[in-house]
Amino acid sequence: MRNVFYYLWAILIFTGCSSTTKIVKFPKKPDEVFANNNLKDFFRVNKTPNIVLRVPNSSDKATSNTSIGRDNSVLYNSIEKELLKQGFSVRDRGLFNEIMDKAGSTQYSQIKDLTNTDLILEVIEINPAVLYTTNKVVSVYKKAEKDNVGSIDYKMYGAAVEFRLIMVKNNEIAGSYKYNYPPCPYGCELESFKLTGKNKQIELKETVSINVLEEFLKICIQDLIKSIGENN
């Protein structure tokens, strides 16, 4: 994930450090990104494809009549807006579901003609409560860092999102993507962690906020599209 998203964290931690600051950094879990050659070939000749977002556990018959939670709706809309910014023609997922219901057992190869859709971006999961743990504390002095291993396990929630990209004409899962957001990408100050109990256990804070998730998802979509275009 690109460092632009984490720039504000760096400012908070490092700007004006004139004394030693102790921070906690959580190890970044690797992203899992795959796009096959058929998808890359498709994007060589289709710069503005028609795409629809498929979301889990939704019986939408119009995007304005949603049965999903408010926060999830905000996140799905954010994904669609970013797809529009990246040049995609985004189909109404509610109308797409209506057509699919009426078509019944229609083959995917026919769905392209019925819905004028080239690609389906399926949201497999958005998880705002991925537990990260570390017992390392980093001492920072004038941007020099020194790791210190302690006896306390510092815990905080990060996030993860998983997509798959389906080429409608061939009914082919052509891309698989999982992106991870670590908490405190540039480190959280040690004082921000609250210890409780005699055994000095870390009190877990709330899960990743909706605002942070929105920004994270925007960058995920940008990176997803970039990964398809690589080596083209």
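What counts, and at which threshold
Residues numbered from 1 in each chain as written. Predicted model: local features only at pLDDT ≥ 70, side-chain atom pairs only at ≥ 80, totals over all residues. Heavy atoms only, no water. Helix = DSSP H or I, 4+ residues; strand = E, 2+ residues; numbered from the N terminus. Buried < 20%, exposed > 50% of the residue type's maximum accessible area, 1.4 Å probe, protein only. Contact = heavy atoms within 4.5 Å. Arc of directions from axis to C-beta. Polar contact = N/O pair within 3.5 Å; in protein donor to acceptor, adjacent residues only side chain to side chain.

(A) Main features of the environment of K218. With respect to the secondary-structure elements, K218 resides in helix α6 (residues 210-229). By relative accessible area, which is 23% here, K218 ends up partly exposed. Separated by 138 residues in the primary sequence, K218 and E80 place their C-alpha atoms 9.4 Å from one another. Ignoring any residue separated from it by four or fewer positions in sequence, one finds K218 in contact with S78 and E82.

(B) Representation of helix α2 (residues 37-45) in the model. Of all the residues in α2, the buried ones are L39, K40, F42 and F43. The arc enclosing the buried residues of α2, seen along the axis, measures out at 155°, which places them on a common side. Exposed residues lying more than 90 degrees from the buried face of α2 are N37 and V45. Looking at the buried side of α2, the elements it contacts are β2 (32-35), β5 (119-141), β6 (144-167), β7 (172-181) and α6. The distance from a side-chain oxygen at the start of α2 to the backbone nitrogen of N38 is 3.2 Å, and the residue carrying that oxygen is N36.

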